[in-house]
Amino acid sequence: MSTGRTSPDKCGLYIVFSCLRVPQLVCIISAFFLVLDKGIRWGDISNRIMFSWCFCIIGTLTIVILELYRFPTDFPFCWYNFSITYACYAALTCLSAAIFYPITYIKFLPYDASRNRAIAATVFSCIACVVYVMEVACLWECYKLKEIPCYVHTMPGLLKVLETFMACVIFVFISNTSLYTDQPALEWCVAVYSICFILAVVAMLMDRDEWESRLPVSFPIFHLGLTLLSILLHFTALVLWLLYHFDEEYGGQPQQSSDVNCIDRTTNGMCTWDQRLAVAILTAINLLIYMADLGYWAHQVSVGAGGQPTDS
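The residue numbering used here restarts from 1 in each chain and proceeds along that chain's sequence as written. With pLDDT at 70 or above as the cut-off, local features in this predicted model cover only qualifying residues; side-chain atom pairs require 80 or more to be listed or tallied, and sums for whole chains, interfaces and linings still use all residues. Water and hydrogen atoms play no part in the side-chain values, which are based on all heavy atoms of the structure.

**Some words on the overall build of the protein chain**
Part 1: Each helix and strand in the protein chain was counted, giving 10 helices and 0 strands.
Part 2: A run of DSSP states H or I qualifies as a helix once it reaches four residues; a run of E qualifies as a strand once it reaches two. Both are numbered from the N-terminal end. For the protein chain, the sequential pattern of α-helices and β-strands runs α-α-α-α-α-α-α-α-α-α.
Part 3: Within the protein chain, contacts between residues at least 6 apart in sequence are counted, and of these 77% link residues at least 24 apart. Contacts are assigned to residue pairs that have any heavy atoms within 4.5 Å of one another.

Written out as C-alpha cells, the structure reads:
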C-alpha cells in the first residue's frame, strides 16, 4: 500500500473542524446529558448506550486536540486512515444508539418530561450519525482519496468495519452471562463471536505491503480463507443459538410470554428473551455481511486480482 504524503489544504481542514466537529460534539453531549438527567437510564443496555456516547465524545475531542497540534500534517497517511475509520465507527455507534434506545426503553417510559428528553436524545443521536457520515464524505474529498489508498474506502474495508462493529454490538448483549453460562453449545457461540472478531481485526491490520509480502499465499486467497472460516463459524453459532434458546426440545423458549423476566416490563427495558432474539438477529445480519465479503474475494480470486483490493 502506498504511503504517499498528500494532505488536505488548510481551508478544507478548517471547514471539517468548524462545520462538522462542533455539531458532532454538541449533538452527542446533548444526548448524553438529556438521558443523564433525573435517572432516565434503565438497565445494562442503556448504560452501554451511554458509554457509546461517551466514546464518541472522547474520540471526537481527541481528534480535535490532535488536529490543533498539527498531528495530521506530520503523519498525513496514518492520520487519514485513523480519522476516516473512526468516523465510520462513530456513525455506526450513534445509529445503533438511536435504534436500540427507543425500542428497548423509550416505549416503556411514562408520557411525561422524561420521555420527551429521551426522545430528544434519540434525535440528537440521529443528527450526530448524519454529521459523522458527512465527515466521511468530506474526508474522502478533502484528502484526495484516489491518491492515497485507504483500506476503509474499499468494499472489503467497509465490510470489515461492519463485521467488527456488529461483533461489538453482539458483545454488548452477551455481556449478560446468564445467556450462555453452563451451556457448552452456547459458550461455543460466544467463542465464535470472539474468534471472528479477532480474525476481522487481523485482516484489517494485514492490509499493508510489508505484511502482504510475507504471506505464503496471495492476498485475495488469504482473505478468502479467513472469510470462509468466519462464515462456517457464524453458521454454527447461529444454528446452536437458535436451537438452545428457541427450541423447546433443547430447553429453549420459543415465545416471549414463556420468559418470566418479560412479564414485568416496568423495571427492565429489555428482558432476557429480547436479548436472546437480538443476538440471533445480529448474528444472522453479520453472517450476510460475511457472505457479501466472501463473494467479493471469490470474484477477486477468479479474475486473478492483485493483493490490493480495488475500490468498489
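**Comments concerning the pattern of salt bridges**
If charged atoms from side chains of opposite charge come close, those side chains can pair.
Part 1: Put simply, a salt bridge is a Lys or Arg side-chain nitrogen that is within 4 Å of an Asp or Glu carboxyl oxygen. All told, the structure shown has 3 salt bridges when counted by the stated rule.
Part 2: With a shortest N-O distance of 2.2 Å, R21 and E135 are connected by a salt bridge. Of the two residues, R21 is situated in helix 1 (residues 10-36) and E135 in helix 5 (residues 113-142); the sequence distance between them amounts to 114 residues. Take R21 and E135: they sit in the same class, and that class is buried.
Part 3: For K160, the salt bridge identified is with E163, shortest N-O distance 3.3 Å. On the criterion of helical spacing, the pair formed by K160 and E163 is a turn pair, its members being 3 residues apart in helix 6 (residues 155-174). With respect to class, K160 is no different from E163; both count as buried.
Part 4: Each of K160, E163 and D293 takes part in one network of salt bridges that share partners. For the exposure calls, accessible area comes from a 1.4 Å probe over protein chains only, and a residue counts as buried if that area is under 20% of its type's maximum, exposed if over 50%, partly exposed in between.

**Some details on helix 6**
Part 1: In this scheme, a helix's expected span is set at 1.5 Å multiplied by one less than its residue total. Taking 1.5 Å of rise per residue, 20 residues should cover 28 Å, and helix 6 covers 29 Å from first to last C-alpha, within 8% of that figure.
Part 2: In terms of burial, helix 6 is a largely internal element, 14 of the 20 residues being buried.

**So, the packing of helix 7 (residues 184-205) against helix 9 (residues 219-246)**
Packed helices, taken two at a time, are described by the angle between their axes plus the distance between the axes.
Part 1: Angles run from 0 to 180 degrees between N-to-C directions of axes, and those axes are lines fitted to C-alpha atoms, restricted for helices to the stretch in contact. Two elements in contact, helix 7 and helix 9, have axes whose closest approach is 9 Å; the angle formed by their N-to-C orientations is 155 degrees. Classified by the interaxial angle, the pair formed by helix 7 and helix 9 is roughly antiparallel. The two elements helix 7 and helix 9 cross, and the hand of that crossing is left-handed. Of helix 9, the residues touching helix 7 (which contributes A185, L186, W188, C189, V192, Y193, I195, C196, L199 and A203) are H223, L226, L229, S230, L233, H234, T236, A237, L240, W241, Y244 and H245.
Part 2: Note on residue categories: nonpolar means Ala, Val, Leu, Ile, Met, Phe, Trp, Tyr, Cys or Pro, charged means Asp, Glu, Lys or Arg, and polar means any other residue, Gly included. Split by residue class, the contact of helix 7 with helix 9 holds 17 nonpolar, 5 polar and no charged. Convention used here: angles under 35 degrees read as roughly parallel, angles over 145 as roughly antiparallel, angles from 65 to 115 as roughly perpendicular, and any remaining angle as oblique. For a crossing to be left-handed, the near helix must be turned anticlockwise from the far one by less than a right angle; the clockwise case is right-handed.

**Section: the packing of aromatic side chains**
Note on aromatic pairs: each is described by the distance of the centres and the angle between the planes.
Part 1: Two rings from Phe, Tyr or Trp (for Trp, the six-membered ring) form a pair when their centres sit within 6.5 Å of each other. Planes less than 30 degrees apart are called stacked, planes more than 60 degrees apart edge-to-face, and all others tilted. Overall, the coordinates contain 8 aromatic pairs when judged by the stated rule.
Part 2: Measuring from centroid to centroid gives 6.0 Å for F55 and Y86, while their planes differ by 55 degrees, and the two rings are tilted. Of this pair, F55 sits in helix 2 (residues 43-68) while Y86 sits in helix 4 (residues 76-104), and the two are 31 residues apart along the sequence.
Part 3: Between Y296 and W297, the ring centres sit 5.2 Å apart and the planes meet at 90 degrees, which makes this aromatic pair edge-to-face. For the pair formed by Y296 and W297, the shared burial category is buried.
Part 4: The rings of F55, Y86 and Y132 are connected pair by pair, giving a single aromatic cluster.

**Observations regarding the environment of L36**
Part 1: One can find L36 in helix 1.
Part 2: Sequence-wise, L36 and A121 are 85 residues apart; in three dimensions their C-alpha atoms are separated by 10.0 Å.

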